[in-house]
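Next come the chains, spelled out residue by residue.
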Amino acid sequence: MAQRTFLSLVRWELEEYLSLPVLAFLVASAIVAVLAQSNTVSPMPGRAYINLYNGSDTVMLIMTIGAGAFFARTYAGSISRGETKIMLSYPIKRWQLFFSKFTAMFLIIFVIYGATYSMHFYLDGIALSEPMFFVTLLSFLLQLMLACSFSIAVSMVTKSEIMSILAAVLLLMGIDSVVGTQGYFSAQGRLYYLFQYYGELTHGSPPLGDQFIVTANDVTVAVLFPAVVTVLLLIGSYVYFTRYLEVD
Amino acid sequence: MVALGIAASIIQATKLVKSFGKSLAINQLDLQVPNGISGFVGRNGAGKTTTIGVLLGLLKPGGGEATVFGLDCWQDSFQIRRRLGVMHEINAYPGGFTAKRLLQHVARIYGVTQADQRIAQLLAEVGLADAKDKPIKAYSAGMTRRLGLAQALLSEPEFAILDEPTANIDPLGRIALLEKIKEMNKDHGTGFLISTHILSDLEKVCSWLSIIDGGRLVDQGSVTDLAAKYSANVYKIGVSEPAVFLAKLQELPIVKKAWIEGDNVFCQVQDPTVFYSEIPKIASNLNLQLKNFQHMVGTLEEIYTRTAGGT
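Residues numbered from 1 in each chain as written. Chains lettered and ligands numbered in written order. Predicted model: local features only at pLDDT ≥ 70, side-chain atom pairs only at ≥ 80, totals over all residues. Heavy atoms only, no water.

S.K.: How would you explain the interface of chain A and chain B if you had to name every residue and give the values?
M.R.: Counting residues at the interface gives 27 residues for chain A, matched by 30 residues for chain B. Across the interface of chain A and chain B, roughly 2800 Å² is buried in total on both sides, 61% from carbon and sulfur atoms. Interface area lost by chain A to chain B is led by Trp12, Tyr90 and Pro91 of chain A, which between them contribute 23%. Summed over the shared surface of chain A and chain B, the result is 2 salt bridges. Here Glu246 of chain A makes a salt bridge to Lys18 of chain B, at a shortest N to O gap of 2.6 Å. At the junction of chain A with chain B, the criterion picks out 11 residue pairs in polar contact (both at pLDDT 80 or more). Breaking the side of chain A that touches chain B down by element, the ones donating at least two residues are α1 (2-18) and α4 (83-87) of chain A. (Contact = heavy atoms within 4.5 Å. Buried area = accessible area lost by both parts, 1.4 Å probe. Salt bridge = Lys/Arg side-chain N within 4 Å of Asp/Glu carboxyl O. Polar contact = N/O pair within 3.5 Å; in protein donor to acceptor, adjacent residues only side chain to side chain. Helix = DSSP H or I, 4+ residues; strand = E, 2+ residues; numbered from the N terminus.)

S.K.: So what about a nonpolar patch on the surface? Which residues, and what values?
M.R.: A cluster of nonpolar side chains, contributed by Leu18, Leu23, Val27, Ile31 and Leu35 of chain A, occupies part of the molecular surface with about 430 Å² of accessible area. The biggest single contributor to the nonpolar patch is helix α2 (residues 22-36) of chain A, with 4 residues. (Patch = residues over 30% accessible without salt bridge, like charges linked within 9 Å, V, L, I, M, F, W, Y side chains within 5 Å. Areas by Shrake-Rupley, 256 points an atom, 1.4 Å probe, with all protein chains shown as cover.)

S.K.: Please provide a residue-by-residue account of helix α7 (residues 161-179) of chain A, values included.
M.R.: Residues and elements named next belong to chain A. Taking 1.5 Å of rise per residue, the 19 residues of α7 would be expected to cover 27 Å, and the 27 Å separating its terminal C-alpha atoms lies within 8% of that figure. Within α7, the full set of buried residues consists of Ser164, Ala168, Val169 and Leu172. End-on, the buried residues of α7 take up no more than an arc of 110°, which puts them together on one face. Exposed side chains of α7 directed beyond 90 degrees from the buried face belong to Ile162, Leu170, Ser177 and Val178. Structurally, α7 contributes buried residues whose contacts are with α3 (48-81) and α6 (131-158). Among the residues trailing α7, Gly180 stands out with phi positive, at a value near 80°. (Expected span 1.5 Å × (residues − 1). Buried < 20%, exposed > 50% of the residue type's maximum accessible area, 1.4 Å probe, protein only. Arc of directions from axis to C-beta.)

S.K.: Kindly report on the sheet that holds strand β13 (residues 264-269) of chain B, identifying the contributing residues and their values.
M.R.: Residues and elements named next belong to chain B. Here 4 strands make up an open sheet; going across it, the order is β12-β13-β11-β14 and the pairing antiparallel. The open sheet is flanked by β12 (255-261) and β14 (290-295), the only strands paired with a single partner. Each adjacent strand pair in this sheet contributes to an overall mean axis angle of 20°, direction not counted. In terms of strand pairing, β12 meets β13 through 6 bridges, oriented antiparallel. What sits directly across from Lys257, in β13, is Gln268. Contacts between helix α9 (residues 242-249) and the sheet are confined to β11 (234-239), β12 and β13, with β12 contributing the most and set at about 170° to the helix. (Pairing = 2+ DSSP bridges. Axes fitted to C-alpha atoms, helices over the stretch in contact; angles between N-to-C directions.)

S.K.: Explain the sheet that holds strand β3 (residues 37-41) of chain B to me, and be specific about the residues and the numbers.
M.R.: Pairing between the strands of a sheet comes from backbone hydrogen bonds, and it takes one of two forms, parallel or antiparallel. Residue and element names in this part refer to chain B. One open sheet holds the 6 strands; their spatial order is β6-β7-β8-β3-β9-β10, and the pairing between them is mixed. This sheet does not close on itself; its edge strands, each paired only once, are β6 (84-87) and β10 (216-222). Shown here is a sheet whose adjacent strand axes are inclined to one another by a mean of 15°, direction ignored. Pairing between strand β7 (residues 159-163) and strand β8 (residues 191-195): 5 bridges, direction parallel. Bridging from a neighbouring strand, Ala160 pairs with Phe192 of β8.

S.K.: So what about the nonpolar core? Which residues, and what values?
M.R.: Counting 142 residues, the largest nonpolar core has Phe71 and Tyr90 of chain A together with Ile11 of chain B as the members making the most contacts within it. Not counting residues within four places of it along the chain, the set of residues in contact with Phe71 of chain A comprises Ala76, Phe102, Met105, Phe106, Ile109, Cys148, Ser151, Ile152 and Ser155 of chain A. Grouped together as the second largest cluster of nonpolar side chains are 18 residues, Tyr235, Val265, Ala283 and Leu288 of chain B included. (Core = buried A, V, L, I, M, F, W, Y, C linked by side-chain atoms within 4.5 Å.)

S.K.: Which residues make up the packing of helix α8 (residues 187-203) of chain A against helix α9 (residues 216-244) of chain A, and what values go with them?
M.R.: Residues and elements named next belong to chain A. Closest axis-to-axis distance for the α8/α9 pair is 9 Å, and the angle between their directions is 140°. In the packing of α8 onto α9, the handedness of the crossing is left-handed. Contacts between α8 and α9 involve Arg190, Tyr193, Leu194, Tyr197 and Tyr198 on the former and, on the latter, Ala216, Asp218, Val219, Ala222, Val223 and Pro226. Across the contact of α8 with α9, the residue classes tally to 9 nonpolar, no polar and 2 charged. (Left-handed = near helix turned anticlockwise from the far one by under 90°. Nonpolar A, V, L, I, M, F, W, Y, C, P; charged D, E, K, R; others polar.)

S.K.: Which residues make up the environment of Ile112 of chain A, and what are the values?
M.R.: Residues and elements named next belong to chain A. Tracing the sequence through the fold places Ile112 in helix α5 (residues 94-123). Ile112 sits in the buried class, given a relative accessible area of 13%. Through-space distance from the C-alpha of Ile112 to that of Gln3 is 26 Å; in sequence the pair is 109 residues apart. Those residues within four positions of Ile112 in sequence are excluded, and the remaining contacts are Leu23, Leu26, Val27 and Ala30.

S.K.: I'd love a proper account of the packing of aromatic side chains, names of residues and values included.
M.R.: Tallied over the full model, the rule gives 23 aromatic pairs over all chains. Residues Tyr75 of chain A and Phe241 of chain A carry aromatic rings whose centres are separated by 6.5 Å and whose planes lie at 85° to one another, so their mutual orientation is edge-to-face. Within this pair, whereas Tyr75 of chain A is found in helix α3, its partner Phe241 of chain A is found in helix α9, the two being separated by 166 residues in sequence. Comparing Tyr75 of chain A with Phe241 of chain A, the two get one shared label, buried. Members of the aromatic cluster, each reached through a chain of ring pairs, are Phe71, Phe102, Phe106, Phe110 and Phe140 of chain A. Lying across the ring of Phe78 of chain B, Lys93 of chain A places its NZ or CZ 4.7 Å from the centre. Sitting over the ring of Phe20 of chain B, Lys18 of chain B keeps its end group 5.4 Å from the ring centre. (Phe/Tyr/Trp six-rings, centres within 6.5 Å; stacked < 30°, edge-to-face > 60°. Lys NZ or Arg CZ within 6 Å of the ring centre and 35° of its normal.)

Written as structure tokens, this is what we have:
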């Protein structure tokens, strides 16, 4: 019964997003992400990975803003508009509502931006069966998780859609700008470490040049940081939503 | 104040407290609502919606106790909501959905059997059959209220809480809606708690009334008892100079309370027989014209005015 209700809620949320301009916005931003990449592409042979790495920056940025905005709409917006109040008046458990929103929004964003990223690969002339595709997809997934968990956590605190969008996006962009593109904690830095390490493992040399030696420890820290922060933020948000959230 | 037995109360609140920061929204509220159709009235900001929020487990009480069906509103909220239908004051339904689609989703959550048949019947009853395939965002405010009622009654609940159900609905629609409420109460035994400002609507359907003001219960009881209590020996007097008349009236020992509302003087007296003989004398002595004289027979509006109305 609980599982059936959960699946019904996921379906409800999916249909709701697909019936609103949310999908149009996401697809448009995905197209912009792919088109914006053309500025960074070099037609020189052997530059495919460098092009991919440089172009990822735009995709990550747009995805971070998109995920931050739409998760804020899903949680804070839903609370401030009164949708959560109506939903929680039905026989729905709070965890079901929390995770159904998360699952539906995450699915939509991941599919759309995942497709964008795949297009990115294709445009750079790299096969999707390449191990590097999955490595970069992991980096993309971690950034998406981080963006959505920030957005949900801020939504719980502020209950304001606009505040949540601004706070989540500024926080993530702030981290990226403070730690720089080669820091452990930035989106681009994470991609750099994964790219270099697994590029060397699978192709014999680091795809972005060998000026920095990337170790397994570097990769572990770069992956664990967003994973741990995401889990902590989601646990905090979940506990708040299910135990303490008051819907006026 | 009339006290119900615990078993007879569907909703029971004892010394309920709820505050938002320093603002006390509900202050030691004692509320009893029996099965049947009950009215829940109070001015804006009296604490009605906050009380409903606590009853539904949407807000955590800061003190006291609140139960629905004998279950704790915060701890057992899920069990309570399985048996309740709720129509909120807000119309935050997904704008991209059609009414039919929304109700199909709600039916799935409640596990309603033969849902399509039930939805078609309910949409016809609330007057939305022709608009069932239109997106909700294209609905007028009144149509959205009707949809709110349909989703609240979809699961054929034991009890329904309706917050301002007739707001924005045209007069014919209001009559149909109130008829639907009466019919569900009569045929299925569904109980209702109706929070509204439109007292004439309540008068048509309610048998019980709870009045709150400033987050506190002012009074509650059966409409008949309250009407008798608050209209007992209350008179409305139309006179040419109400203020002069009031001053003289207040000097009479039989007058318990006297006040002016509009152009009329109202007073509550101890002994109507003496009062009847005194009124013409006062008017005559003061040289005032007596326009009308009426014994107030209890209406909800009158009960409300006497209790939370500030007189």
